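# A look at the structure
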Amino acid sequence: MANQDYHFDTKRIHAGYSSEDHFNAVNTPIYQTAAFDLADIDRARRLWTGAESAGLYTRVGNPTVTVLEQRITELDGGSAAIGLASGMAAISYTVLLLGEGGGNIVSASSLYGAAQESLTHFFPKFGITTRFVKNRNDATEYESLIDENTKAIYIESISNPNIEVYDFEAIAEVAHKHGIPVVVDNTIATPYLFRPFEHGADLIVYSATKGIAGHGNTIAGLVVEKGGFEYSKERFPQFHTKSYKMRDLQGNPRTPLEFAPDSPFVASLRIFYLEFIGATLGAFDAFLVLQGLSTLSERLEKQVATTKKLVEYLENKKEVEWVRHPFAKDSAYKELADKYFPNGAGAVFSFGFGGTRDQFKKFITSLEVLSYHVNIGDVRTLIANPPETTHTELEPHIQELADIPSNLVRISVGLENADDLIADFEQAFEKAFS
Ligand SMILES: *Cc1c(COP(=O)(O)O)cnc(C)c1O
């Protein structure tokens, strides 16, 4: 499908796929093969120098995965994308590539638990440290933490579990003034609810495990590159360093910027990171993500509508201390949400349980429709207690900085009937407080 002007709903079904390239199969086939025939010596040479792109070896590329990469590239309006084995692989590869040789990242607390933990304790082992701002929407605070070794500003489009919204354009302006790219984890919003590249992001990372695949049945990650970011030689020598792995047909080494002028980032991830570390997305998992993407808009529409009803219901319960979502009456993020999320700021929210620990235990085990497990973006409505599960590895002072009170309960809204969900809450509150 060549026409770039189709609407989102058309692209999420057709982009990146032509049936005539796949034995006229209407649905994207699962290419369950480790390797591909090279045909002849000259073609092998073209494949190895990137002069021709086609299946070679599935660790670095597979036609089913390629369809997903092209589809997400078009949905986000980028120059290239790469499928990876998980959202954490997408985040880790992005941090490691930006921080090659050492440096620092500027970010805000209350990131996804494993992202926060890895930036705080794991990447410093590789010479990459992270400086966290206190006020996520104070662009001058980000600026005050930037120095000559800063490699990126890293933020999430909607934070979890507090559902805070960033002022993306103000933050991007500061980053770009200093020649630094902005990385946005757009997992919770998905490309349907938020368009990071239209608001200053240069790179998007996704856990496609969540809303994009949408059915709680696979683990997958994606990195999308906008293209056109000017990586300076001083700050980002990795994109200006010649490599034999990026040689041309005559065997001359090239830099990532020479090899792929519009997508040096994704090209480097594929040619160095997938080749050497190999967190490869399997063909079957890519197929499941494609399947999920094809109904993304309808799922998110309904999930956002149900979120609104649940937020209203819980706000009026005396057993609930507070509700955090831009739909909540007292949300501090209403204005930013209206500006950046015209279709709603997602289907994850949290509330403060206003009872004892024993009442909370009773409440959780009394729920019949909601299920208690730590995922988000599923067809099922999920309930979790982040302070004791997803965010338990954060030290108490970071939990405090991330504003995760001990009575916080997180909900990820699925596709069940909203009235059934409310009735389920109602009977569980009754049992817990009787
Ligand atoms: C789940 C999640 C991740 C990690 O993704 P995996 O696919 O589980 O590795 C990263 N960021 C956010 C916001 C997430 O919700």
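These remarks concern the structure in this document. (Residues numbered from 1 in each chain as written. Predicted model: local features only at pLDDT ≥ 70, side-chain atom pairs only at ≥ 80, totals over all residues. Heavy atoms only, no water.)

Now for the overall build of the protein. From N to C terminus, the protein includes 16 helices and twelve strands. Computed over its C-alpha atoms, the radius of gyration of the protein comes to 22 Å, within 12% of the 22 Å expected for a compact globule of 434 residues. Reported as C-alpha extents along the three principal axes, the dimensions of the protein are approximately 80 × 55 × 35 Å. Of the contacts formed within the protein by residues at least 6 apart in sequence, a portion of 72% connects residues at least 24 apart. Taking the average place of the 39 positive charges on the side chains of the protein and the average place of its 57 negative ones, the gap between the two points comes to 2 Å. (Helix = DSSP H or I, 4+ residues; strand = E, 2+ residues; numbered from the N terminus. Rg over C-alpha atoms; globule rule 2.2 N^0.38 Å. Contact = heavy atoms within 4.5 Å. Lys, Arg positive; Asp, Glu negative; His and termini not counted. Charge placed at Lys NZ, Arg CZ, Asp CG, Glu CD.)

Quick look at the site of the ligand now. Taken together, the neighbourhood of the ligand is formed by 13 residues, with M88, D185, S207, T209 and K210 sitting nearest. At 2.6 Å, a side-chain N or O of T209 approaches an oxygen atom of the ligand. Relative to its unbound accessible surface of 380 Å², the ligand loses 93% to contact with the protein. With three residues, helix 4 (residues 87-98) is the largest single contributor of residues to the shell around the ligand. For the shell around the ligand, the per-class residue count stands at six nonpolar, five polar and two charged. (Near = heavy atom within 4 Å. Polar contact = N/O pair within 3.5 Å; in protein donor to acceptor, adjacent residues only side chain to side chain. Areas by Shrake-Rupley, 256 points an atom, 1.4 Å probe, with all protein chains shown as cover. Nonpolar A, V, L, I, M, F, W, Y, C, P; charged D, E, K, R; others polar.)

In this section: the packing of aromatic side chains. Enumeration according to the criterion identifies 29 aromatic pairs in this entry. Aromatic side chains F351 and F425 sit 6.3 Å apart centroid to centroid with 80° between the ring planes, which places their arrangement in the edge-to-face category. Pair noted here: F351 is in strand 9 (residues 348-353) and F425 is in helix 16 (residues 418-433), with a separation of 74 residues, a long-range link. Note on F351: relative accessible area 0%, which makes it buried. For F425, a relative accessible area of 0% gives the class buried. Arranged with centres 6.3 Å apart and planes meeting at 15°, the rings of F363 and F425 form a pair that is stacked. Of the two residues, F363 is situated in helix 14 (residues 357-366) and F425 in helix 16; the sequence distance between them amounts to 62 residues. Here the two residues F363 and F425 agree in accessibility, since each one is buried. Counting every residue linked through ring pairs, the aromatic cluster contains Y313, F351, F353, F360, F363, F425, F429 and F433. (Phe/Tyr/Trp six-rings, centres within 6.5 Å; stacked < 30°, edge-to-face > 60°. Buried < 20%, exposed > 50% of the residue type's maximum accessible area, 1.4 Å probe, protein only.)

Turning next to the side chain of R247. Mapped onto the fold, R247 is located in the loop between strand 7 (221-225) and helix 9 (256-259). For the buried R247, no salt bridge is present, and the opposite-charge side chain at shortest range is D248, 7.5 Å distant. (Salt bridge = Lys/Arg side-chain N within 4 Å of Asp/Glu carboxyl O.)

Counting across every chain of the model gives 18 salt bridges. A salt bridge links E69 to R270; the shortest N-O distance between them is 3.1 Å. You can see E69 sitting in helix 3 (residues 63-76) and its partner R270 sitting in helix 10 (residues 264-276), a full 201 residues away along the chain. Across the salt bridge formed by K317 and E319, the nearest N and O atoms sit 3.9 Å from each other. Taken individually, K317 and E319 each receive the classification buried, so the pair is uniform in this respect. Members of the salt-bridge network, linked through shared partners, are K317, K318, E319 and E426.

Across the sheet, seven strands lie side by side as 1-7-6-5-4-2-3; this open sheet has mixed pairing. The two strands at the open ends of the sheet, each matched to only one other strand, are strand 1 (80-84) and strand 3 (128-133). Between one strand axis and the next, the sheet turns by 20° as a mean value, whatever way the strands run. Pairing geometry for strand 1 and strand 7, over five bridges, is antiparallel. (Pairing = 2+ DSSP bridges. Axes fitted to C-alpha atoms, helices over the stretch in contact; angles between N-to-C directions.)

In this section: the sheet that holds strand 11 (residues 382-384). Adjacent strands of a sheet form backbone hydrogen bonds with each other and so pair up, either parallel or antiparallel. Read from one edge of the open sheet, five strands run 8-9-12-11-10, paired in mixed fashion. Each edge of the open sheet is held by one strand with a lone partner, namely strand 8 (320-324) and strand 10 (371-372). Of the strand pairs in this sheet, strand 8 and strand 9 are connected by three bridges, and their pairing is antiparallel. In the sheet register, V323 faces strand 9, and the bridge partner there is F351. Those strands touched by helix 14 are strand 9, strand 10, strand 11 and strand 12 (408-412), and its axis lies near 140° from that of strand 9. The strands touched by helix 16 within the sheet are strand 8, strand 9 and strand 12, with strand 9 carrying the most contacts at an inclination of about 20°.

For helix 10, spanning 13 residues, the distance from its first C-alpha to its last is 17 Å, which sits close to the expected 18 Å at 1.5 Å a residue. The sharpest bend along helix 10 reaches about 30° and sits at R270. Among the 13 residues in helix 10, ten count as buried, and that is most of the element. Taken as a whole, helix 10 has its buried residues at P264, F265, V266, A267, S268, L269, I271, F272, Y273 and L274. Buried residues along helix 10 sit against strand 1, helix 4, strand 6 (203-207), strand 7 and helix 9. Among the residues trailing helix 10, G278 stands out with phi positive, at a value near 75°. (Expected span 1.5 Å × (residues − 1). Bend = angle between axes of the 7 residues up to and from the residue.)

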